[in-house]
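# Observations on chain architecture
Each chain is listed here by its residues.
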Amino acid sequence: MRLQEHPVLDFSKKRGKKVTIYFEGKPIDAYEGEPIAEALHAAGIRVMNYTPTTGRARGIFCAIGKCSSCLMKVNGIPNVRTCITLVEDGMQVERQRGLEPLPRDYKPPKWKDAERVNADIIIIGGGPAGLMAAIKAVEHGASVALMDENPMLGGQLVKQTHKFFGKREQFAGVRGVKIAEILEKEAREKGVNIYLETSAIGIFQDGEERIVTAIRENKKLVEFRGRAILVATGAMEKMIPFENNDLPGVYGAGAIQTLMNTYGIQPGKKVLIVGAGNVGVILAYQLLQAGVDVVAVVEAMPKVGAYFVHAAKIRRLGVPIYTRHTILRAEGKEKVERAVIAQLDDSWNPIPGTEKTYDVDIVALSVGLRPSIELLHQAGAQALYVRELSGYVVQHDERMETTVRGIFVAGDSSGIEEATTAMLEGKLAGLAMALYVGKADVKNAMDEMEQVRKDLDEFRSGPFGERARIGEKKVMIK
Amino acid sequence: MMNKADVAIVGGGIIGLFTAFWLAQRGERVVVLEKNYPGSGSTFRCGTGIRQQFGDDANIQMMVRSVEIWKDFCKYMEYPGPASECFTFAQTGYLFLLYSESEISEFSKNVSLQHKYGVPSSIISPEEAREIVPTLDISEVMAAAWNPTDGKASPFLAIRALVDRVRDMGGEIYVNTPVTELLIEKNTVTGVKTSRGEIKADMVLNATNAWANALNEQIGVRFPIEPYKHQAIVTEPFKAGEIKPMVISFKHGGAYLTQKANGGVIGGIALKYGPTWDISPTYEFLREVSRNFTRIIPALKYISIIRQWGGYYAETPDHNAILGKVKEVDGYYIAAGFSGHGFMLAPAVAEAMADLMTKGSTTLPLDFYDPYRFQRGELREQAIQMG
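Residues numbered from 1 in each chain as written. Chains lettered and ligands numbered in written order. Predicted model: local features only at pLDDT ≥ 70, side-chain atom pairs only at ≥ 80, totals over all residues.

### Quick look at the sheet that holds strand β19 (residues 293-299) of chain A
Residues and elements named next belong to chain A. Selection rule: Two strands are said to pair when DSSP picks up at least two bridges between them. Helix numbering and strand numbering both begin at the N terminus, where a helix is a DSSP run of H or I of at least 4 residues and a strand a DSSP run of E of at least 2. An axis is simply a line fitted to the C-alpha atoms; with a helix, the fit covers only the stretch in contact. Between two such axes, the angle follows the N-to-C directions and lies from 0 to 180 degrees. Residue pairs qualify as contacts under a 7 Å threshold applied to their C-beta atoms, which are placed from the backbone.
One open sheet accounts for 5 strands, arranged β17-β24-β18-β19-β20; its pairing is parallel. Each having just a single partner strand, β17 (250-252) and β20 (321-323) make up the two edges of the open sheet. In this sheet, neighbouring strand axes are inclined to one another by 20 degrees on average, regardless of whether the strands run parallel or antiparallel. Looking at chain direction, strand β18 (residues 270-274) and strand β24 (residues 362-365) are connected through 4 bridges and run parallel. If you follow I273 over to β24, its bridge partner there is A364. Across the sheet, helix α5 (residues 253-262) is in contact with β17 and β24; its angle to β17 comes to roughly 85 degrees. On the sheet, helix α6 (residues 278-289) packs against β18, β19 and β24 and is oriented at approximately 175 degrees with respect to β19.

### Side note on the domain arrangement of chain A
Residues and elements named next belong to chain A. Let me state the cut-off plainly: Marked domain ranges trace back to an automatic or database domain assignment. Amino acids are sorted into nonpolar (Ala, Val, Leu, Ile, Met, Phe, Trp, Tyr, Cys and Pro), charged (Asp, Glu, Lys and Arg) and polar (every other residue, Gly among them).
Structurally, chain A comprises domain 1 (11-97), domain 2 (115-236 + 380-475) and domain 3 (250-367). When each unit is reduced to the centre of its C-alpha atoms, the spacing between domain 2 and domain 3 is 31 Å. Taken together, the contact between domain 2 and domain 3 spans 5 residues of the former and 8 residues of the latter. Residues that form the side of domain 2 that touches domain 3 fall into these classes: 1 nonpolar, 3 polar and 1 charged.

### A few points about the pairing of strand β12 (residues 198-206) of chain A
Residues in a regular strand point their side chains to alternate faces of the sheet. Residue and element names in this part refer to chain A. As defined by bridge partners, β12 adjoins strand β13 (residues 209-216) across 8 bridges and the pair is classed as antiparallel. The partner of T198 across the bridge, within β13, is R216. Between β12 and the antiparallel strand that follows it, β13, lie 2 residues; G207 among them carries a positive phi value of about 65 degrees.

### Quick notes on the interface of chain A and chain B
Taken together, the contacts link 22 residues of chain A with 22 residues of chain B. Of all the secondary structure elements, the ones that give two or more residues to the side of chain A that touches chain B are β6 (77-81), β12 and β13 of chain A. At 4 residues, β12(A) tops the list of elements feeding residues into the side of chain A that touches chain B. Split into classes, the residues belonging to the side of chain A that touches chain B amount to 12 nonpolar, 5 polar and 5 charged.

### Concerning the domain arrangement of chain B
Residue and element names in this part refer to chain B. What the domain assignment reports for chain B is domain 1 (1-91 + 150-225 + 317-387) and domain 2 (92-149 + 226-315). One C-alpha centre belongs to domain 1, the other to domain 2, and the line joining them spans 26 Å. Opposite the 31 residues of domain 1 that make contact, domain 2 presents 35 residues. Taken together, the elements giving at least two residues each to the side of domain 1 that touches domain 2 come down to α2 (57-71) and β7 (151-152). By residue number, the principal contributor to the side of domain 1 that touches domain 2 is α2, which donates 5 residues. Partitioning the side of domain 1 that touches domain 2 into residue classes produces 9 nonpolar, 17 polar and 5 charged.

Set out below in structure tokens:
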């Protein structure tokens, strides 16, 4: 089902031309600019494939191209990430049943040399960190090419309908979606060379240059060549173990936001949210805005992790938050039909007799994120596990340069924080890269970096910034 | 830590561990010293192919014996669990695609020689090749050399099984334990010095492949072994059984590729760099592997590469290993310089080395790999290196 009315977002203007795609031969309405999985979800199709070994049904989980849970056969080609592949009129989409055979195609491809894109700086990831870095680097005289594997810029900002906190120059009071628009406009106006639907697949050294190889629109090879590279690839949603945690309808919180806030698709009718951090609680509010029933938010910790204002808002609207509770299992045939929760004792074991069953069609997991460091790892950057930053992160210096010369990191891929710190880290990296490639005026750039570092310290100075402060200390190279 | 062994083996790759196995089976007390972790040097980076289709007597004989052992590997390992967990030697064959008269005549000669040792190889038509691999583009293929008893195996499972078996038989394997020095008295090896202390041993085997000369320097010996960077890739999985054999094409950059049990393609091309100790993956390799693989099996254009890595071919001038006694010091042996064939040759090479070390001789053609042949200017015909 598609959302027609929304208090914050207007989808009638956003939707593209109506097209028809075919799911297992049946025609389905879709809109240009919409990914396949999202269009199928709007038509009520939740199962995308059946797993190779156990034949279990799988649907979307992350909806941003990171988890491979939505692989389908598209126009005969297997293993297509349907959550980030846009619909085309007449497209044939089929569920994958286990591993698919190779298409019987005997025509060797005409080998075209890859498209070559040269710039001083190559940025992987067009979220708040990547965009901000691009803007800063261009402002200081460097040329920038930026790629993102999603069909739009803004990263996770595009689904943040809430207003940001902080200082005015850090977009306080502005909704995330709006910040994405502002940053995109600025980046485009300043001449950042932008490649969407372009997945970076490797970072290689070639003499003085570095090459980022990428695949555009699932088929074209692109070589980005530059001297400095920023990996701002964001994060991946975490999963927790419980029975049937792979049932279609168990979605990452971000996936639900993508469906609902980016594409105007109703994710379901009744939702149980697991995790009462900011993401979980904000999600609850957004679901209510979209007219979806939220039955409860469960939180294993004894305290709600979210900011008080967010939590108070949903409580006022009648959504119970159960601390010291967890999900025991999801139930249903090939889709979530029920969820069972229970109270936890002091040693985190479920207390018998406290089980409660909810009739829901969605279980939203907001149990944390982990940094996406795959490309940094491939490039040889030194990584370490930092609990406070939610996983493996790479070491970096105070200019955001990793242990590999010329490769920088910013945003969630350098440790899980939030969009504001991602933008500040992006600024820092953008300035540092402009210096690194010799384009920036040294004094100007150094002065500005000093200011950004102060802003970062200030933003992290409160009690909510404690984890980040500890984490940063662990990864920082002196 | 064990302080006295009959044999100390330096290097915990497939060669060192397999030799440890044969020696332990003959009642020798063995210790294996690995500077990193088992398989970490070259074994875990290998292309996994096992073939008897060589072009010379010695390598064919060695590989015929190797395949016999690979086939019974799980029995040798006395693996307690299910066979599928023990080891996955799959006799899925090797298919060399031939694109010219000269290739056909060369491979026909090889096939005749292989028949002498009972290898059931043959020259087949392009259509027959496509029956074996239905996704092949055969428009330019003139013929193929095919042997159904060649195959591939998992280096990970092989190393794990060997480590368990050697330990069960009383052998000791020390990881993160580099050997820093040979202990020598009166021109005779008496053991090794390691990062954790000394171990006395009557014999020492240098099974460190690319790194072999590091230990030889101490005694003023240097064999012609150079590290060359080679690379390999793995793709995302698709339905298993689509590319059963190892498919090889010299015309396409010396490409070799096959599908693993889990459905992903593993393979590489001949492109090499070196001598060098750098094994970082290169873009040139990624590009060329894509270009060449899709010319052999066009449908691979729809399949994504998910991993790429580098490793060493420890190359000798004739691409044949250096196996035997090191004459300069009594009790010191070498099995190194495998030039890309160590994994497939390991069972037979290890058996021959164990024979040599315990009985002084072997029925396998070890002389072919004489460490001093280069000194005498007696290079062998270059072994077929691909796959």
